[in-house]
Amino acid sequence: MSQHEEQCRHSRSWNKRLFTMNPVSPPTPRLLPVWAGLLLAAFSGVLMACAFIPVDWGGCVWIGFLPLLTALWYGRRREGKKGILAYALYGWMFGVVFYGISFWWVNEVSTLGYIPLMIFYGGLFPGIWALVMGVFFRPDARPLPGARQTVKERRAAWKSWAVGDMLPSASAALGGAALWVCLEWVRGWLIPGFGWNNLGVALYGNPLAQWAEYAGVTALAFLPAVFSVWLWRVCRRAGTMVVREGRRTVPWDFFTLVAVLLIMFVTGVLWTARYSPQSAAATGNGKFTVPVMTVQLNLSQKEKWDAANRGAIYRALLDTTEQGMLDLQNSVLEQAAKNGTEASLNMPAWVIWPESSFPISTFYRDSTGERFPNQDNVNFLSVEEDYVQALRNGICNFILLTGTDDIYLSDEGRVARAYNCLTVFEGDYSTARPHAKAMLVPFGEYIPMRETFPFLEKAFEASAGTAMGMNYTPGASSSPVPVPMRPGSSATVGVIPLVCFEDVVGSWVRRFVRQEPQLMVNVTNDGWFNRSCANEQHWRNAAFRCIELRRSMVRAANTGVSVALAPNGAVIADLRDSSGSPFTRGVMNATLPVGCTEMTLYALFGDWAILACFLLFAALLLRRMNEGKRNAGPVKDGVYRRGATPR
């Protein structure tokens, strides 16, 4: 070898060693101003709110986290207590905006309650999530391949750099999604019913929603959350490579996630068809169906509780039910005449009136359980009176399911107990079978610690403009109510009785599921929220009970959305006026399939997926914390490698 060749060889070797020992550090971006982070977090909250009713752009749930993650992860790491506070503040801003928009309807009940609820409760859990993601799952500033390599060496180095980013990206995405699911569960557990508008609810209408049968709707939030975090990390990786190298590698990790979601999507399409309203699985090969009619009066709370309107409300219940039956008969006859066929009338076997349909409570003696005589409600359903029984005799016989307020009085005339019930009447009041509501609404049906803190009652009265009255007593039964499939039939359907917002609490509803024909019946008022989006949000959240348990549901609302839902969550029928508004008086007729008798995984084990998410998050967090304690390894081929042994 000539002297010149030897010098060149030593020069190349020296340059390579120099590069290997001195990789290029990534450029240090400026620290993101706090005000900019807050704006990004607020924008993220707006995006996420748009995924829900009233905007209902479900696709926003897949990208809603991106601005917030930018606020958390862009620029230099914030250090110390101020850094932790800034990350938590970003999450708090996201939560206040997101839930503040989604739950604006709380204002209809109490502005005094809405403000602290959003400030303290709405921002709490997103604040915790953002703090953890900002402190523990922030992307590492890994050194980048140098510029003095050959093209082949640079490609290999950048490929190695990209592959090295895949595992941390997966860890951040899986850990962040698991943590969000756990926090959503806690949100709904601390205040039962407040867990609605979980991210999984935004998947309604998407075949991925069918996976709620296995994991429950709360765990469905894992899907959009893991997608958002992983997408942000992949975009960061690709952006770094394009800016520094002018090219990028294939993000196989993210493509794998998309492939898994695609498989889940296709499977969901199959399940959607399997549990459709007319399917063999839903109807039991056509043998198990129940025709029902719901009645909606669309009364405001002021009209409903005005004593002067009592007689008019009884009359309206009768007239609306009668007119609905006559209209059904006429439409069937007209259709038969038009088609030249024989009329086949399928009159309602069950008539369902909403929560608190009767304008006054029904009173009982607490010591004996005896019902006091000569009450308006008792007379209304009396066989001797020309009221409900006249409808049964004159048009068609039916079983009545309705909301009732049952109050038990002591011998001194004081209220001993009060229940908000769904009651089944096969005949007059002697046939009443009440089921008491268990999940009571705080500051709606009771005031927590009322006697200990009297100021809570005064605050409620000042905000609501009315006295609270008595505290209701929660029921305890989780047994379905057997109701004949048709009047006088020996074949029964197990009614899962749900009053008011109980239909949004999956962990409660699953306790009623038995391996038999069943139907969820929800009677609700929703008039407290006037003409707000709460009514639409209510049924959308309730629809996931159908998917989780593979049981049909019928909802009878006083004001809001009366709707019939299939075991796949699809709408069979709903009550709306010509403009599409649910705020109307009338009836809804539907034939509901009750042939599904299988026990889903969620019905059997409930929120098992929440525990799985907690364990996954804990494992990834511990791994991440241990990584931070390791000493840095050497640089090989221009790529920083952790845990490697220096030579």
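Residues numbered from 1 in each chain as written. Predicted model: local features only at pLDDT ≥ 70, side-chain atom pairs only at ≥ 80, totals over all residues. Heavy atoms only, no water.

(A) Focus on the overall build of the protein chain. Of the regular secondary structure elements, the protein chain holds 21 helices and 15 strands. Across the 647 residues that make up the protein chain, the buried fraction comes to 53%. When the accessible area of the protein chain is evaluated, it comes to approximately 28900 Å², of which 60% is carbon and sulfur surface. (Helix = DSSP H or I, 4+ residues; strand = E, 2+ residues; numbered from the N terminus. Buried < 20%, exposed > 50% of the residue type's maximum accessible area, 1.4 Å probe, protein only. Areas by Shrake-Rupley, 256 points an atom, 1.4 Å probe, with all protein chains shown as cover.)

(B) Examining the side chain of T321 more closely. Its location among the elements puts T321 in helix α14 (residues 310–339). The exposure class assigned to T321 is buried, which follows from its relative accessible area of 0%. When sequence neighbours within four positions are dropped, the list of residues in contact with T321 reads M293, V295, V351, W353 and L391. (Contact = heavy atoms within 4.5 Å.)

(C) Expanded view of the packing of helix α4 (residues 80–102) against helix α6 (residues 124–136). Interhelical geometry of α4 versus α6 gives an angle of 140° and a closest axis separation of 7 Å. Looking at the two axes, α4 sits oblique to α6. Crossing angle aside, the handedness with which α4 passes α6 is right-handed. Facing I84, Y87, A88, G91, W92, F94, G95 and Y99 of α4, the residues of α6 in contact are P126, G127, A130, L131, G134 and V135. Per-class residue counts for the contact of α4 with α6 are 10 nonpolar, four polar and no charged. (Axes fitted to C-alpha atoms, helices over the stretch in contact; angles between N-to-C directions. Parallel < 35°, antiparallel > 145°, perpendicular 65-115°, else oblique. Left-handed = near helix turned anticlockwise from the far one by under 90°. Nonpolar A, V, L, I, M, F, W, Y, C, P; charged D, E, K, R; others polar.)

(D) Structural context of the nonpolar core. Residues F65, W129 and W350 are the most contacted members of the largest nonpolar core, which totals 135 residues. Counting 32 residues, the second-largest nonpolar core is a separate cluster that includes L318, L328, C421 and A436. (Core = buried A, V, L, I, M, F, W, Y, C linked by side-chain atoms within 4.5 Å.)

(E) Spatial organisation of the pattern of salt bridges. Under the counting rule described, the total for this entry stands at 21 salt bridges. Residue R624 is joined to D140 by a salt bridge in which the shortest nitrogen-to-oxygen separation is 3.1 Å. You can see R624 sitting in helix α21 (residues 608–629) and its partner D140 sitting in the loop between α6 and α7 (151–190), a full 484 residues away along the chain. Residues R624 and D140 agree in their burial class; the two are buried. For the salt bridge of E426 with R433, the shortest nitrogen-to-oxygen distance reads 3.0 Å. In this structure R433 comes out as partly exposed when scored by relative accessible area, which is 27%. (Salt bridge = Lys/Arg side-chain N within 4 Å of Asp/Glu carboxyl O.)

(F) Spotlight on the packing of helix α5 (residues 111–122) against α6. Contact geometry for α5 and α6: axes closest at 5 Å, N-to-C directions at 20°. It follows from the interaxial angle that α5 and α6 lie roughly parallel. Here F120, Y121 and G122 of α5 lie close against α6, whose contacting residues are L124, F125 and P126. Partitioning the contact of α5 with α6 into residue classes produces five nonpolar, one polar and no charged.

(G) Looking closely at the sheet that holds strand β8 (residues 492–499). Spatially, six strands are ordered β7-β8-β9-β10-β11-β12 in an open sheet, and the strand pairing comes out mixed. Looking at which strands have only one partner, the edges of the open sheet turn out to be β7 (481–484) and β12 (571–574). Between one strand and the next, the sheet's axes are offset by a mean angle of 25°, whatever the strand orientation. Relative to strand β9 (residues 518–524), β8 runs parallel, the two sharing six bridges. For P497, the partnering residue across the bridge sits in β9 and is V521. Across the sheet, helix α19 (residues 534–549) lies against β9, β10 (552–557), β11 (563–565) and β12, angled at about 155° from β10, the strand it touches most. (Pairing = 2+ DSSP bridges.)

(H) The arrangement of the UniProt feature "transmembrane region" (unreviewed entry) in the protein chain in detail. If you check UniProt for "transmembrane region" (unreviewed entry), the listed places come out as residues 31–49, 55–75, 87–106, 112–137, 158–181, 214–232, 252–273 and 601–622 in our numbering. Note that residues 158–181 is 100% helix and 0% strand, and that its end C-alpha atoms are spaced 35 Å apart. Secondary structure content for residues 252–273 is 100% helix and 0% strand, while the C-alpha to C-alpha distance between its ends is 32 Å. (UniProt positions renumbered as here; feature names shortened; annotations may be inferred.)

(I) Seen up close, the packing of aromatic side chains. Tallying each qualifying case throughout the model produces 38 aromatic pairs. Where Y314 meets F358, the ring centres are 6.2 Å apart and the plane angle is 45°; that geometry is what we call tilted. Here Y314, found in helix α14, pairs with F358, found in the loop between β2 (350–352) and β3 (362–365); they are 44 residues apart in sequence, far enough to count as distant. Above the ring of W73, the side-chain terminus of R233 is found at 5.8 Å from the ring centroid. (Phe/Tyr/Trp six-rings, centres within 6.5 Å; stacked < 30°, edge-to-face > 60°. Lys NZ or Arg CZ within 6 Å of the ring centre and 35° of its normal.)

(J) Geometry of unusual backbone geometry. Cis geometry is found at the peptide bond from I53 to P54, where omega equals 20°. The phi torsion at N298 lies on the positive side, around 60°, for a residue other than glycine. With respect to the helices, strands and loops of the structure, N298 is situated in the loop between β1 (289–296) and α13 (301–304).

(K) Highlighting a nonpolar patch on the surface. Taken together, Y214, L604, F605 and W608 make up a surface patch of nonpolar side chains, about 400 Å² in accessible area. Relative to the assigned elements, Y214 resides in helix α8 (residues 212–215). (Patch = residues over 30% accessible without salt bridge, like charges linked within 9 Å, V, L, I, M, F, W, Y side chains within 5 Å.)

(L) A look at the state of the cysteines. For the structure shown, the criterion picks out zero disulfides. Not engaged in a disulfide, the cysteine C60 finds its nearest cysteine sulfur in C50; these two sulfurs lie 5.2 Å apart. We note that C613 lacks a disulfide partner, and the nearest cysteine sulfur, in C182, lies 5.5 Å from it. (Disulfide = S-S within 2.5 Å.)

(M) Spotlight on the confidence of the model for the protein chain. Per-residue pLDDT for the protein chain averages 88, and the proportion of residues at 70 or more is 88%. Of the regions scoring below 50 in pLDDT, residues 10–22 engages in 10 contacts with residues more than four places distant in sequence or in other chains. Of the regions scoring below 50 in pLDDT, residues 631–647 engages in 34 contacts with residues more than four places distant in sequence or in other chains. (pLDDT = per-residue confidence, 0-100.)

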